[in-house]
Amino acid sequence: MNETVIQTKSLCKNYGSFKALDNVSFSVRRGDIYGLIGRNGAGKTTIMKIVTGLAQKSDGEFELFGKNGERSDSKRRIGCLIENPAFFPNMTAYRNLRYYAIQRGVADMKRIDEVLDLVKLTDAKNKKFRTFSLGMKQRLGIAYALLDDPDIVILDEPINGLDPIGISELRETFSRLNREKNITFIISSHILSELYMTANRFMFIEKGKVLKELDKEELDNECRKCIAVRTDSIKSASAVIEEKLAVSDYKVIDGRELRIYEDIDSANVNRTLIENGIDVAEIFETGISLEDYFKELVKEAE
C-alpha cells in the first residue's frame, strides 16, 4: 500500500462571508500525479496555498507525511509553483536560479545544473530570461520548484497559455520526473483533456466543495461507452429495460436521456421500448467526454 503523503480532513477556508473551501477532504499517495480539476475560482489554488503554508486554514486539518501539516517541518519536502517567481528578465536562467538557490539556502550550486537538465534547459542556461518562450519560462518555473530536491511538486495551472508543443513538452517532463525520480505531483487545471493524459488520480471541485475523487481506471469506467436513449418517458423506459431486458447498469441524464452501460444490441433496445409504448426520440452509441462528465457532477451537486 502506497504511503499517503498529503491528507486533508474537512478543510475550510473563509474570506469574510465567502467560503472558498467547504469541508474539503482528499488524499494524495506517494508517486501519484494527482489532478485537481475545477473551474477558475473553484478552490484549487486555495488548497495548494494552505498545504504549502502560503495561506492559513479557517477550520479542519491536514497532514503532510503523516504529521500535522501546520506544525510539521515537512513543508521543506514540497516544491511549488503557485505564484510565479519574479525572474529577472536581463539575467540568464542560471543566474536567476542561483539567486533563488542562495535565498532558499541551497548549499550545493551543482543543483542548479541538475534541475536545468531535468527540465531540458541545459542548452539555454546562459540565455537571458526575456528571450525565453512561454514554454521555456514555465519549465524554468518548474526548475525553481525542484531546487530543494522535493518529494512533492505542486503546480498551479502550469499549462495555461501554452501552445500544443509546449503542453506536450511539459507533459513529458512531468511523466519523466514522476517515473525516474518518483516525484509526486499535484497539478491543477481546468483543461481536462490535457490533465487526463498526465494524471493517474483526480479530484473534481466546484465552489469549494469536493464533487468526486477517483483514480484513472474509475474515471474511464464512468466515461465508458454506452447506448444513449432520448425519450420524454424516462421512468417508463427505465422500467421497461429493467423488466424486459434485465438491464441494471444504467443512468438517467438530465431527466430525458437514459444511458445503458451493458453489452446489449441497440436495435434490440429500440425495438423493445417501441413495442412497450415508449416513444424513442433518438438512440445512439456514445462515450461521455470528460467535459460532459464534469458538467454532470456539477449539475448533480446543484
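So, a few notes on the structure that sits alongside this text. Here the structure is a predicted model, which means the values were calculated and not measured.

With respect to the sheet that holds strand β12 (residues 250-253)
Link 1 in the chain: Ordered in space as β12-β13-β11-β14, the 4 strands form an open sheet in which the pairing is antiparallel. Each edge of the open sheet is held by one strand with a lone partner, namely β12 and β14 (282-287). In this sheet, adjacent strand axes meet at a mean angle of 25° when their direction is disregarded.
Link 2 in the chain: Strand direction decides the pairing type here: strand β11 (residues 225-230) and β14, joined by 6 bridges, are antiparallel.

Remarks on unusual backbone geometry
Link 1 in the chain: Of note in the backbone geometry, K120 takes a positive phi value of approximately 60° without being a glycine.
Link 2 in the chain: Relative to the helices and strands, K120 resides in the loop between α3 (110-118) and α4 (134-146).
Link 3 in the chain: Not every positive phi belongs to a glycine, and A246 is a case in point at roughly 60°.
Link 4 in the chain: Mapped onto the elements, A246 comes out in the loop between α8 (234-245) and β12.

Some words on the nonpolar core
Link 1 in the chain: Core analysis: the biggest nonpolar cluster contains 51 residues, and L97, L140, L146, F185 and F204 have the highest contact counts within it.
Link 2 in the chain: Excluding residues that lie within four positions of it along the chain, L140 makes contacts with F87, A93, L97, L116, L121, F129 and F132.
Link 3 in the chain: In terms of nonpolar packing, the next biggest core, distinct from the first, is built from 25 residues, F26, I50, F65 and I152 among them.

Cut-offs and rules
- Residues numbered from 1 in each chain as written.
- Predicted model: local features only at pLDDT ≥ 70, side-chain atom pairs only at ≥ 80, totals over all residues.
- Heavy atoms only, no water.
- Pairing = 2+ DSSP bridges.
- Helix = DSSP H or I, 4+ residues; strand = E, 2+ residues; numbered from the N terminus.
- Axes fitted to C-alpha atoms, helices over the stretch in contact; angles between N-to-C directions.
- Core = buried A, V, L, I, M, F, W, Y, C linked by side-chain atoms within 4.5 Å.
- Buried < 20%, exposed > 50% of the residue type's maximum accessible area, 1.4 Å probe, protein only.
- Contact = heavy atoms within 4.5 Å.

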